[in-house]
Structures are given as C-alpha cells and as structure tokens.
Amino acid sequence: MAQRRIGLVGYGDVSVVHVGAIEAIDGLELVGIADSDPAARERATAETGLPTYPTAEELIDALGPDAVHVTTPHDQHVGPSLTALERGVHVLQEKPLAHTLAEGSRLVDALSSVTAPRADGGAGAAKIGICFQNRYNRASQELSRLLAGGELGAVQGAWASVVWSRTADYYAAKPWRGRWENSGGGLLINQAIHTLDLVQWLIGPIERTEGLVSQKKFAGVVETEDTADLVLHHAAGVTTTFYATLTAPVARPVELEVATENAYLEVRSGRGGGLTVRWTDGRVDTCSDRVATAGGRAYWGVSHEELIRDFYASLDGPEPFWIGPGEAMASLEILKDAYANSGVGT
C-alpha cells in the first residue's frame, strides 16, 4: 500500500480509535489535527506532539495530507468532508452521514461534481468512506455470505436490539449529544445506527418504518429520544422487529437474529460475541468475532481497523469505496422516518 499522510478533523471521543488504527496500519502517518475547540487542540498537542489547526481548511492548506478522517460532532460532518473532497483529499468520515437528510443530500450530490485533481497524485476523483465498521465484523461478514449463498432458504424475518445504558452526566459532558440541532437525534442516530445499518444491508432495503421513539428516562435532561420500538418493513416483504433503549442499568450485547427456511441465525456483540447458526436439521455452526486491537470502547465494535485498512487499500482502484454517502444515506432515512412518525426532530 502506498504511503499516505493523514489529517484528523475533530479530536473528541471517537478520534482515539482512528488514531490507534492509523498507528497500527503500515503505510499510514498521522501528520496533524484540526479542532474548533482550543481545549481540544491543546489536549491533542500534549498527547500526540502534532501540529493543530482550528479548521480543516487550515490543516489541509498547511500540511497537504492525502486524506483526512472526520470525527467531529454530527452537525460538523459534511462541511469538512466537502472541503477535503473539493481539494482532492480523500475522506473517511464517522457515522452518521449527517445530522439531517438535507445535509446528507448535499454530500451525496456533491460527489458527482467534484473534479479537483487528487492531492495524492492518483487518477480519478478523491474517495470518501463512511464508518459503518460493524459490517466488517466476522459475524456480519459470515452472515452476509450465508444469506447471499442461498443455502439458508428464504428469509422469514428478523429481530434486533440495542439495550444500553447512559447517564445524565454523559449528556452534560457533551451537550450536543442531546440536541436536535447538533446531533440530529438521540439513541437511533448516536448508538443504534450501526444496527439499523446492518439490518438494511443484510436483510434488504426498508420501505417503511412503523413505530415510535420516546423518552423513558431522560425527559427534561435532553431533547432527544432514549427509547425506540419499531417494525421495519423491508422491500422483500418481510419485517424486522427493532427495539433499542438507553435506560438499562448496564449495557447488554447488541442482538441481531434472522429466521430463514433452513436455519435460525443469532449474532451477539461484545466479548465472546459472534454468529451462531442453528440449522433445522440439528447442526450448529459458530463464527467468533475478532478482539479489538485499535483503542476505544468495546461497544464501538471491533472492526474500525479493518474498515480503515480496506479503505486505504481501495484508493488506487477505479471504483468508489463501497460504504460511501449514498450507502450511508439508507440508515439516516430509516431513523428520520421513525422521528417523523413520532412527530419529533427535523
């Protein structure tokens, strides 16, 4: 893989997993950090020794990186990504695509008009990837392979749950997390979006979202939802029952279960997680997930490093990265549909 110089835009919680992955992958070098918060820039300088800048523009103009990783709050995703792409710099952006559908559409639409020469000297336009790293979990990959292979028979339906725990202090530490104008939502866009993405990727496109989001624990603390009870109607004619909440005393493993003609498949996250396939003839197959090597919290998933490695391996090829803005729009549309049903959000 060619040597790549990387800039980081946003030095918050999730940036640690990107820094760890960049350090772990041969051929990548983190060269600078941008953050609008002076305290974050001071912390970044102390922890990394790298130069820091207030904006993505200043970082790119000063250092000329081959790529930037955008790990800002949700409402600050699209601006830095567009800035980089317009300068021919590759982008790897954290989820969600954006905090609103309109902002997400700006990025999707802009890709067709970006014509700047690539900063790394390669042919074609700069590429962008969105971090839905749980698609790279071994369990997810094996489930995708089995569903595509035909041996499971027809899918009959699915169940998914994200039962986690948060506190008022979590929101007080970063108030943007609980504000519609900054985060674009609560539980669904912040925590459960990875599981929504897996459901629509594995089972197929979702035409309609039925059900409601609500506040069961954090009313008066934040504006956004902490619980969701949904039925997702897939284009193929089957449904996924989807439950998520932040009201549990401790976080449970994320669950995804798929019923098919010939087997029942169960995916569990976390330590000891993976895929269990219970065939109707009595066989039981298992596939264990890898252990996280990049830094960060376990509930972020174990595959940031795998996605980042694959993104950089793809840069010299002619095709866009497979998880781009158009692909990432699907999960944003699902959760915004749930908000519209509930009469909340924008």
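What you see is a predicted model, and the numbers here were worked out from it, not measured in a lab. (Residues numbered from 1 in each chain as written. Predicted model: local features only at pLDDT ≥ 70, side-chain atom pairs only at ≥ 80, totals over all residues. Heavy atoms only, no water.)

I would appreciate a short explanation of the overall build of the protein in the present structure.
Along its length, the protein carries 12 helices and 14 strands. In summary, the protein has a C-alpha radius of gyration of 20 Å against a globular reference of 20 Å for 346 residues, a match within 12%. Seen through its principal axes, the protein has C-alpha atoms that stretch 60 × 45 × 35 Å. The burial tally for the protein puts 54% of its 346 residues in the buried class. (Helix = DSSP H or I, 4+ residues; strand = E, 2+ residues; numbered from the N terminus. Rg over C-alpha atoms; globule rule 2.2 N^0.38 Å. Buried < 20%, exposed > 50% of the residue type's maximum accessible area, 1.4 Å probe, protein only.)

How should I be thinking about the environment of Leu-8 in this particular structure?
Within the element layout of this structure, Leu-8 appears in strand 1 (residues 4–9). Accessibility expressed as a relative area gives 1% for Leu-8, which makes it buried. Remark: the alpha-carbon pair of Leu-8 and Ala-34, spanning 26 residues in sequence, is separated by 6.2 Å.

What is the right way to look at the nonpolar core in this model?
A general trend in soluble globular proteins is that nonpolar side chains are found buried together. By size, the foremost hydrophobic cluster in this structure holds 97 residues, and its most contacted members are Val-68, Leu-188, Phe-242 and Leu-265. No other element matches helix 12 (residues 325–342), which puts seven residues into this core. Filtering out sequence-adjacent residues up to four positions away, Leu-265 remains in contact with Leu-143, Leu-146, Leu-152, Leu-256, Glu-257, Val-258, Thr-260, Leu-275, Thr-276 and Val-277. (Core = buried A, V, L, I, M, F, W, Y, C linked by side-chain atoms within 4.5 Å. Contact = heavy atoms within 4.5 Å.)

I would appreciate a short explanation of the sheet that holds strand 13 (residues 274–279) in the present structure.
One open sheet accounts for eight strands, arranged 8-9-10-7-11-12-13-14; its pairing is mixed. Looking at which strands have only one partner, the edges of the open sheet turn out to be strand 8 (206–214) and strand 14 (284–288). For this sheet the average axis-to-axis angle between neighbouring strands, irrespective of direction, equals 10 degrees. One ladder, built from six bridges, connects strand 7 (residues 155–163) with strand 11 (residues 255–260); its direction is antiparallel. Paired with Ala-160 across the two strands is Leu-256, which belongs to strand 11. Across the face of the sheet, helix 6 (residues 138–149) comes into contact with strand 7, strand 11, strand 12 (263–268), strand 13 and strand 14 while running at roughly 35 degrees to strand 13. Of the strands in this sheet, strand 8 and strand 9 (227–234) touch helix 12, which is tilted by about 55 degrees from strand 8. (Pairing = 2+ DSSP bridges. Axes fitted to C-alpha atoms, helices over the stretch in contact; angles between N-to-C directions.)

Would you take a moment to explain the pattern of salt bridges for this structure?
Any two side chains of opposite charge can pair, given that their charged atoms come close. If you walk through the whole model with that rule in mind, you get 17 salt bridges. A salt bridge links Asp-316 to Arg-4; the shortest N-O distance between them is 3.0 Å. With a gap of 312 residues between them, Asp-316 in the loop between helix 11 (304–313) and helix 12 and Arg-4 in strand 1 connect regions that are remote in the sequence. Look at Asp-316 and you get exposed, because its relative accessible area is 59%. In this structure, Arg-309 and Glu-305 form a salt bridge, with 2.7 Å as the shortest nitrogen-oxygen distance. (Salt bridge = Lys/Arg side-chain N within 4 Å of Asp/Glu carboxyl O.)

How do you make sense of the packing of aromatic side chains when you look at a structure like this?
The description of two aromatic rings rests on the distance between their centres and on the angle between their planes. A full pass over the atoms with the stated rule returns seven aromatic pairs. With a centroid separation of 5.8 Å and an interplanar angle of 65 degrees, the aromatic rings of Tyr-136 and Trp-322 are classed as edge-to-face. With a gap of 186 residues between them, Tyr-136 in the loop between strand 6 (128–131) and helix 6 and Trp-322 in the loop between helix 11 and helix 12 connect regions that are remote in the sequence. Owing to a relative accessible area of 35%, Trp-322 belongs among the partly exposed residues under this scheme. (Phe/Tyr/Trp six-rings, centres within 6.5 Å; stacked < 30°, edge-to-face > 60°.)

How should I be thinking about helix 11 in this particular structure?
Taken together, the buried positions of helix 11 are occupied by His-304, Glu-305, Leu-307, Ile-308, Phe-311 and Tyr-312. All buried residues of helix 11 fall inside an arc of 165 degrees around its axis, so they share one side. (Arc of directions from axis to C-beta.)

Sorry if this is basic, but what is going on with the sheet that holds strand 1 here?
Pairing within the open sheet is parallel, and its six strands lie in the order 3-2-1-4-5-6. The open sheet terminates on both sides in strands that have one partner only, identified here as strand 3 (52–53) and strand 6. Pairing of strand 1 with strand 2 (residues 28–34), which is carried by six bridges, proceeds in the parallel orientation. Bridge pairing links Arg-5 to Glu-29 in strand 2.

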